[in-house]
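# Geometric and topological summary
Given next are the chains, with one letter for each unit.
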Amino acid sequence: MSGRFVTVDGGEGAGKTTQMGFMREYLERRGCRVVVTREPGGTSLGEEIRGLLLGHRDGGMTLAAETLLMFSARAEHLERVIRPALAAGCWVLCDRFTDATYAYQGGGRGLPLERIAVLEEWVQGTLRPDLTLLLDLPVATGLARAGRRSMADRFEREDVDFFERVRAMYLKRAAHEPDRYRVVDASQSIKAVRAEVETVLAEWLESG
Ligand code: TMP
(Lines give C-alpha, C1' and ligand atoms only; values in the text may rest on other atoms or scores of the structure.)
Protein backbone atom coordinates (compact mmCIF):
# COMPACT_ATOMS: atom_id res chain seq x y z
CA MET A 1 0.00 0.00 0.00
CA SER A 2 1.20 3.47 -0.78
CA GLY A 3 1.39 5.93 2.12
CA ARG A 4 0.16 9.48 2.42
CA PHE A 5 2.22 12.60 1.93
CA VAL A 6 1.23 15.38 4.33
CA THR A 7 3.05 18.69 4.45
CA VAL A 8 2.82 21.41 7.08
CA ASP A 9 3.65 24.93 6.06
CA GLY A 10 3.26 28.49 7.27
CA GLY A 11 5.11 31.63 8.24
CA GLU A 12 7.66 32.09 10.99
CA GLY A 13 6.50 31.26 14.51
CA ALA A 14 3.44 29.29 13.38
CA GLY A 15 4.23 26.37 15.71
CA LYS A 16 4.81 23.76 12.98
CA THR A 17 7.26 21.64 14.95
CA THR A 18 5.02 21.40 18.02
CA GLN A 19 1.93 20.57 15.99
CA MET A 20 3.79 17.99 13.91
CA GLY A 21 4.71 16.18 17.13
CA PHE A 22 1.00 16.02 18.02
CA MET A 23 0.12 14.91 14.50
CA ARG A 24 2.61 12.06 14.70
CA GLU A 25 1.12 10.89 18.02
CA TYR A 26 -2.40 11.16 16.62
CA LEU A 27 -1.61 9.11 13.52
CA GLU A 28 0.43 6.51 15.41
CA ARG A 29 -2.47 6.00 17.83
CA ARG A 30 -4.50 5.09 14.74
CA GLY A 31 -1.94 2.52 13.69
CA CYS A 32 -0.21 4.54 10.97
CA ARG A 33 3.53 4.27 10.49
CA VAL A 34 4.85 7.82 10.36
CA VAL A 35 8.07 9.38 9.07
CA VAL A 36 8.63 12.96 10.21
CA THR A 37 11.03 15.04 8.17
CA ARG A 38 11.72 18.62 7.11
CA GLU A 39 12.81 20.95 4.32
CA PRO A 40 15.28 22.20 3.57
CA GLY A 41 16.95 19.11 5.05
CA GLY A 42 15.86 15.57 5.77
CA THR A 43 19.04 13.89 4.45
CA SER A 44 22.67 14.36 5.36
CA LEU A 45 23.39 16.35 2.19
CA GLY A 46 20.08 18.19 2.60
CA GLU A 47 21.01 19.25 6.12
CA GLU A 48 24.35 20.55 4.83
CA ILE A 49 22.49 22.52 2.16
CA ARG A 50 20.17 23.83 4.90
CA GLY A 51 23.23 25.17 6.71
CA LEU A 52 24.27 27.05 3.56
CA LEU A 53 20.77 28.42 3.00
CA LEU A 54 20.10 29.61 6.55
CA GLY A 55 23.61 30.72 7.49
CA HIS A 56 25.00 34.17 6.91
CA ARG A 57 27.67 34.77 4.36
CA ASP A 58 29.52 37.75 2.99
CA GLY A 59 27.78 39.03 -0.11
CA GLY A 60 24.56 37.14 0.60
CA MET A 61 23.24 34.70 -1.98
CA THR A 62 21.63 35.21 -5.37
CA LEU A 63 17.98 34.30 -5.71
CA ALA A 64 18.85 31.74 -8.39
CA ALA A 65 21.38 30.03 -6.10
CA GLU A 66 18.92 30.08 -3.20
CA THR A 67 16.12 28.54 -5.26
CA LEU A 68 18.33 25.91 -6.88
CA LEU A 69 19.75 24.91 -3.49
CA MET A 70 16.19 24.45 -2.18
CA PHE A 71 15.47 22.12 -5.07
CA SER A 72 18.84 20.32 -4.77
CA ALA A 73 17.99 19.46 -1.17
CA ARG A 74 14.46 18.49 -2.29
CA ALA A 75 15.75 16.15 -5.02
CA GLU A 76 17.86 14.27 -2.46
CA HIS A 77 15.03 14.24 0.03
CA LEU A 78 12.50 12.85 -2.44
CA GLU A 79 14.79 10.14 -3.76
CA ARG A 80 16.24 8.98 -0.44
CA VAL A 81 13.47 9.57 2.09
CA ILE A 82 10.05 10.61 0.81
CA ARG A 83 9.46 8.25 -2.12
CA PRO A 84 10.86 5.15 -0.33
CA ALA A 85 8.76 5.87 2.78
CA LEU A 86 5.59 6.32 0.72
CA ALA A 87 6.34 3.14 -1.24
CA ALA A 88 6.71 1.28 2.09
CA GLY A 89 3.23 2.46 3.10
CA CYS A 90 4.31 5.08 5.64
CA TRP A 91 2.78 8.47 6.21
CA VAL A 92 5.33 11.18 5.50
CA LEU A 93 4.86 14.31 7.62
CA CYS A 94 7.06 16.98 6.11
CA ASP A 95 7.80 20.33 7.75
CA ARG A 96 7.61 22.62 4.67
CA PHE A 97 7.77 21.62 1.03
CA THR A 98 7.48 23.27 -2.40
CA ASP A 99 4.67 25.57 -1.25
CA ALA A 100 7.40 27.30 0.79
CA THR A 101 9.40 27.92 -2.40
CA TYR A 102 6.36 29.54 -4.02
CA ALA A 103 5.75 31.60 -0.87
CA TYR A 104 9.31 32.64 0.04
CA GLN A 105 11.23 32.71 -3.25
CA GLY A 106 8.12 33.52 -5.34
CA GLY A 107 5.98 35.73 -3.10
CA GLY A 108 8.69 37.04 -0.78
CA ARG A 109 11.54 37.57 -3.24
CA GLY A 110 9.63 38.00 -6.49
CA LEU A 111 10.95 35.01 -8.47
CA PRO A 112 8.57 34.36 -11.40
CA LEU A 113 6.34 31.47 -10.43
CA GLU A 114 6.80 29.78 -13.83
CA ARG A 115 10.48 29.21 -12.97
CA ILE A 116 9.50 27.42 -9.78
CA ALA A 117 6.94 25.38 -11.69
CA VAL A 118 9.65 24.19 -14.11
CA LEU A 119 11.86 23.02 -11.24
CA GLU A 120 8.88 21.43 -9.47
CA GLU A 121 8.06 19.45 -12.58
CA TRP A 122 11.67 18.37 -13.06
CA VAL A 123 12.41 17.35 -9.49
CA GLN A 124 9.02 15.97 -8.44
CA GLY A 125 7.42 14.75 -11.66
CA THR A 126 3.76 14.33 -10.76
CA LEU A 127 4.32 13.90 -7.00
CA ARG A 128 2.43 16.49 -4.94
CA PRO A 129 1.40 16.42 -1.27
CA ASP A 130 -1.91 14.65 -0.62
CA LEU A 131 -2.71 17.16 2.11
CA THR A 132 -1.13 20.47 3.11
CA LEU A 133 -1.88 22.10 6.44
CA LEU A 134 -1.26 25.81 6.34
CA LEU A 135 -0.71 27.14 9.86
CA ASP A 136 -1.66 30.74 9.28
CA LEU A 137 -1.23 33.67 11.64
CA PRO A 138 -0.68 37.44 11.46
CA VAL A 139 2.93 38.29 10.61
CA ALA A 140 3.49 40.40 13.74
CA THR A 141 2.31 37.58 16.01
CA GLY A 142 4.53 35.02 14.27
CA LEU A 143 7.62 37.22 14.32
CA ALA A 144 7.16 38.00 18.01
CA ARG A 145 6.99 34.26 18.75
CA ALA A 146 9.99 33.41 16.53
CA GLY A 147 12.02 36.26 17.99
CA ARG A 148 11.65 34.87 21.50
CA ARG A 149 12.99 31.52 20.36
CA SER A 150 16.41 31.83 18.79
CA MET A 151 19.01 33.81 16.90
CA ALA A 152 17.60 35.02 13.59
CA ASP A 153 18.64 33.00 10.51
CA ARG A 154 19.01 34.46 7.01
CA PHE A 155 15.23 34.35 6.39
CA GLU A 156 14.14 35.46 9.84
CA ARG A 157 16.13 38.66 9.31
CA GLU A 158 13.85 39.79 6.50
CA ASP A 159 11.49 42.72 7.08
CA VAL A 160 7.77 42.67 7.82
CA ASP A 161 6.80 43.43 4.19
CA PHE A 162 8.64 40.33 3.03
CA PHE A 163 6.69 38.15 5.46
CA GLU A 164 3.41 39.83 4.44
CA ARG A 165 4.14 38.82 0.83
CA VAL A 166 5.00 35.28 1.97
CA ARG A 167 1.73 35.00 3.88
CA ALA A 168 -0.31 36.44 1.01
CA MET A 169 1.18 33.88 -1.40
CA TYR A 170 0.40 30.96 0.94
CA LEU A 171 -3.19 32.14 1.32
CA LYS A 172 -3.56 32.65 -2.42
CA ARG A 173 -2.34 29.12 -3.13
CA ALA A 174 -4.60 27.70 -0.44
CA ALA A 175 -7.59 29.46 -1.99
CA HIS A 176 -6.72 28.05 -5.43
CA GLU A 177 -6.31 24.48 -4.22
CA PRO A 178 -8.98 23.92 -1.56
CA ASP A 179 -8.92 20.14 -2.04
CA ARG A 180 -5.29 19.85 -0.98
CA TYR A 181 -4.99 22.71 1.52
CA ARG A 182 -6.53 23.13 4.95
CA VAL A 183 -5.93 26.50 6.59
CA VAL A 184 -5.69 26.45 10.38
CA ASP A 185 -5.71 29.59 12.54
CA ALA A 186 -2.32 29.29 14.24
CA SER A 187 -2.73 32.45 16.33
CA GLN A 188 -4.79 30.44 18.84
CA SER A 189 -3.32 28.63 21.86
CA ILE A 190 -1.24 25.49 21.21
CA LYS A 191 -4.11 23.42 22.60
CA ALA A 192 -6.72 25.02 20.36
CA VAL A 193 -4.52 24.65 17.26
CA ARG A 194 -3.94 21.00 18.18
CA ALA A 195 -7.69 20.39 18.42
CA GLU A 196 -8.29 22.04 15.04
CA VAL A 197 -5.46 20.09 13.38
CA GLU A 198 -6.81 16.81 14.78
CA THR A 199 -10.28 17.62 13.47
CA VAL A 200 -8.81 18.27 10.03
CA LEU A 201 -6.93 14.96 10.11
CA ALA A 202 -9.96 13.03 11.36
CA GLU A 203 -12.20 14.45 8.61
CA TRP A 204 -9.57 13.86 5.99
CA LEU A 205 -9.02 10.26 7.12
CA GLU A 206 -12.77 9.63 7.00
CA SER A 207 -13.15 11.13 3.55
CA GLY A 208 -10.28 9.17 2.04
P1 TMP B 1 12.01 26.54 9.09
O2 TMP B 1 12.22 27.83 9.79
O3 TMP B 1 10.58 26.20 8.95
O4 TMP B 1 12.84 25.44 9.61
O5 TMP B 1 12.46 26.76 7.54
C6 TMP B 1 13.67 27.28 7.21
C7 TMP B 1 13.54 28.52 6.37
O8 TMP B 1 13.65 28.17 5.00
C9 TMP B 1 12.24 29.29 6.53
O10 TMP B 1 12.57 30.64 6.81
C11 TMP B 1 11.60 29.21 5.17
C12 TMP B 1 12.73 28.91 4.23
N13 TMP B 1 12.37 28.14 3.04
C14 TMP B 1 12.33 28.77 1.81
O15 TMP B 1 12.60 29.96 1.72
N16 TMP B 1 12.01 28.04 0.70
C17 TMP B 1 11.72 26.70 0.75
O18 TMP B 1 11.45 26.07 -0.29
C19 TMP B 1 11.77 26.05 2.05
C20 TMP B 1 11.47 24.58 2.15
C21 TMP B 1 12.09 26.80 3.16
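These numbers come from a predicted model, not from an experiment.

## Considerations on the pairing of strand β1 (residues 5-10)
The buried fraction of β1 is high, at six of six residues. Burial along β1 is two-sided: the residues F5, T7 and D9 and V6, V8 and G10 are all buried. Pairing between β1 and strand β3 (residues 91-95): four bridges, direction parallel. Along β3, the bridge assignment pairs T7 with C94. Strand direction decides the pairing type here: β1 and strand β4 (residues 131-136), joined by five bridges, are parallel. In the sheet register, V8 faces β4, and the bridge partner there is L133.

## Notes on the sheet that holds strand β5 (residues 181-185)
The strand order across the open sheet built from five strands is β2-β3-β1-β4-β5, with neighbouring strands paired in parallel fashion. In the strand order of this sheet, the two ends are held by β2 (34-38) and β5, each with one partner. Across the sheet, the mean angle separating the axes of adjacent strands is 20 degrees when strand polarity is ignored. Packed on one face of the sheet, helix α8 (residues 190-207) meets β1, β3, β4 and β5 and runs near 160 degrees to β5.

## Let's talk about the site of the ligand
Lining the immediate environment of the ligand, one finds 13 residues, of which K16, R50, R96, T101 and Q105 sit closest. Take R74: an N or O atom from its side chain is 3.1 Å from an oxygen atom of the ligand. Here an oxygen atom of the ligand sits 2.6 Å away from a polar atom, N or O, in the side chain of T101. Protein burial of the ligand: of its 470 Å² of free accessible surface, 94% is covered by the chains. Put simply, the parts of the chain that give the shell around the ligand at least two residues each are α3 (63-87) and α4 (98-108). By residue number, the principal contributor to the shell around the ligand is α4, which donates four residues.

## A short note on empty space enclosed by the protein
Evaluated as defined, the whole model comprises two cavities of 30 Å³ or more. Within this model, the largest cavity holds a volume of roughly 130 Å³. Taken together, 15 residues make up the lining of the largest cavity; nearest its centre are G11, E12, L137, V139 and R167. Of all the elements in the fold, those that place two or more residues in the lining of the largest cavity are β4, α6 (139-149) and α7 (160-176). Examining the composition of the lining of the largest cavity, we find that four residues originate from one element, α7, more than from any other. Considered class by class, the residues forming the lining of the largest cavity number nine nonpolar, three polar and three charged. By volume, the second largest cavity amounts to about 30 Å³. Elements with a minimum of two residues in the lining of the second largest cavity: α4 and α5 (113-124).

Conventions adopted
- Residues numbered from 1 in each chain as written.
- Predicted model: local features only at pLDDT ≥ 70, side-chain atom pairs only at ≥ 80, totals over all residues.
- Heavy atoms only, no water.
- Buried < 20%, exposed > 50% of the residue type's maximum accessible area, 1.4 Å probe, protein only.
- Helix = DSSP H or I, 4+ residues; strand = E, 2+ residues; numbered from the N terminus.
- Pairing = 2+ DSSP bridges.
- Axes fitted to C-alpha atoms, helices over the stretch in contact; angles between N-to-C directions.
- Contact = heavy atoms within 4.5 Å.
- Near = heavy atom within 4 Å.
- Polar contact = N/O pair within 3.5 Å; in protein donor to acceptor, adjacent residues only side chain to side chain.
- Areas by Shrake-Rupley, 256 points an atom, 1.4 Å probe, with all protein chains shown as cover.
- 1 Å grid on protein atoms, 1.4 Å probe; cavity = no way out; pocket = protein on both sides within 12 Å on 5 of 7 lines; lining within 4 Å.
- Points joined across faces, edges and corners; volume = space filled by probe spheres on them.
- Nonpolar A, V, L, I, M, F, W, Y, C, P; charged D, E, K, R; others polar.

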